[in-house]
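Structural description and commentary
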Amino acid sequence: MPESLSRRDFMKVSVYFVGGIVGATVGLPAVGYLIDPALGGAAKEAWIPVGKIADMPEVGKPYPFSFTRVQVNGWERTSTSHGGFIIRKSDASDDLVILNSRCTHLGCTVNWKDDERVFLCPCHDASFDAEGTVLDGPPPRPLDRYAEFRVTEDGVLEIFYKEG
Amino acid sequence: MWKKIFDWLNERLGLNEMQKNLLDRPEPKGNWWNTLGSASLFLFILQGATGIFLTVYYTPSPDHAYDSVTYIMNDVAFGWMIRGIHHWGATLMVIVVFIHMLRVFVTASYKYPRELTWLIGVGLLIVTLGMGFTGYLLPWNQRAFWATTVGTQIAGTVPFVGEFILKALRGGPDLSALTLQRFFAGHIWMLPLVLAGFIGVHLYLIIRHGESHWPKKED
């Protein structure tokens, strides 16, 4: 004799089944809604044009550049400014050092002193040489570099920027 | 195993008695119109749940309220659904509560010993309307802004104290950030608490007195 399902058990199973579907239909979107911002993509990255290579002819001279990035978090937009210096080490257009002008100590912006040929940080008198190496002061490491860059066909220098 | 857990809880919480007294009450012969109270309760819980979820992203400031609602609608996963349920549920709740009141009136269920249930029910209807009124401003779009301008002006036509009521509602003579903030506070804290408290008493009275039977010819 085949196992028979009583009316009561059938009702029970049906209620659990339908209840499960209803619960999932409501619950899964609710969870998705709550964790949505956590599912955002990884750090944003972009190639940012910083100037024409033809405008930076002199070898060894830091050419300043700056750019702004806009972050959108939900309904809030914040823009952050970034800056740095491009230094040609030779006549080859890909022989460059691109430094971030943010001091590695506490984040002030360093300035180029042409007569002393150093980057000077106004906050704590730190100095760096033209390659970004620490000469004096409290910074724990040399100036950060934009290590990845490229020159487009039109002669525009682009640096690779990664957020965070 | 489940049975053991249930028995342990049941012995301490008295789940069976609770079920017997709260849910397994004797009922007069049913009618679909008698389900509108439960429907109202369900909608209240639904509005509470979706409303709590909306506060995860909504911000009650004039600078960001509209943007945050747009963000919920366009960018958050299922945000359109949560807000859609809250938006349409609000309208539906007003309708259901109102028809529930009509049913009680038509079947004369407000009579002795249920007068207090009726009075509190009237309070529930008014607070429900208050929820609709305060919630309408929160998206901070043109329609919300002008609806509240007009709504508070109507309240301002009360003789003698009208101007005070208008200022108290708006938090000043004009609609401003203060208006939005106090409507928000009223919408998510004060009115829901009053509503929940009233619902508690309303339900207690229904359990205490039982449901009224559908009137017969002799009644």
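Conventions and cut-offs
Residues numbered from 1 in each chain as written. Chains lettered and ligands numbered in written order. Predicted model: local features only at pLDDT ≥ 70, side-chain atom pairs only at ≥ 80, totals over all residues. Helix = DSSP H or I, 4+ residues; strand = E, 2+ residues; numbered from the N terminus. pLDDT = per-residue confidence, 0-100. Domains from an automatic or database assignment. Contact = placed C-beta atoms within 7 Å. Nonpolar A, V, L, I, M, F, W, Y, C, P; charged D, E, K, R; others polar. Pairing = 2+ DSSP bridges. Axes fitted to C-alpha atoms, helices over the stretch in contact; angles between N-to-C directions.

1. Points about the environment of His-213 of chain B
- Structurally, the position occupied by His-213 of chain B is in the segment after α9 (177–209).
- The spatial distance from the C-alpha of His-213 of chain B to the C-alpha of Val-194 of chain B is 29 Å, given a sequence separation of 19 residues.

2. Considering the confidence of the model for chain B
Residues and elements named next belong to chain B.
- Per-residue pLDDT for chain B averages 94, and the proportion of residues at 70 or more is 100%.
- Confidence, expressed as mean pLDDT per element, reaches its minimum in chain B at helix α2 (residues 15–23) with 88 and its maximum at helix α6 (residues 115–137) with 97.
- Across the assembled chains, the prediction reports ipTM 0.82 with pTM 0.81.

3. Structural notes on the domain arrangement of chain A
- By the assigned domains, chain A splits into domain 1 (7–39) and domain 2 (45–162).
- Between domain 1 of chain A and domain 2 of chain A, the C-alpha centre-to-centre distance is 54 Å.

4. Some remarks on the interface of chain A and chain B
- Counting residues at the interface gives 8 residues for chain A and 13 residues for chain B.
- When the residues that make up the side of chain A that touches chain B are grouped by side-chain class, the tally is 5 nonpolar, 2 polar and 1 charged.

5. Topic: the sheet that holds strand β3 (residues 76–88) of chain A
All names here are of chain A.
- Taking strand neighbours across the sheet as the criterion, the 3 strands line up as β2-β3-β4 in an open arrangement whose pairing is antiparallel. Each edge of the open sheet is held by one strand with a lone partner, namely β2 (63–73) and β4 (96–100). Ignoring which end each strand starts from, the neighbouring axes of this sheet average 30° apart.
- In this structure, β3 lies alongside β4, joined through 5 bridges in antiparallel fashion. Across the sheet, Arg-88 pairs through a bridge with Leu-96, a residue of β4.

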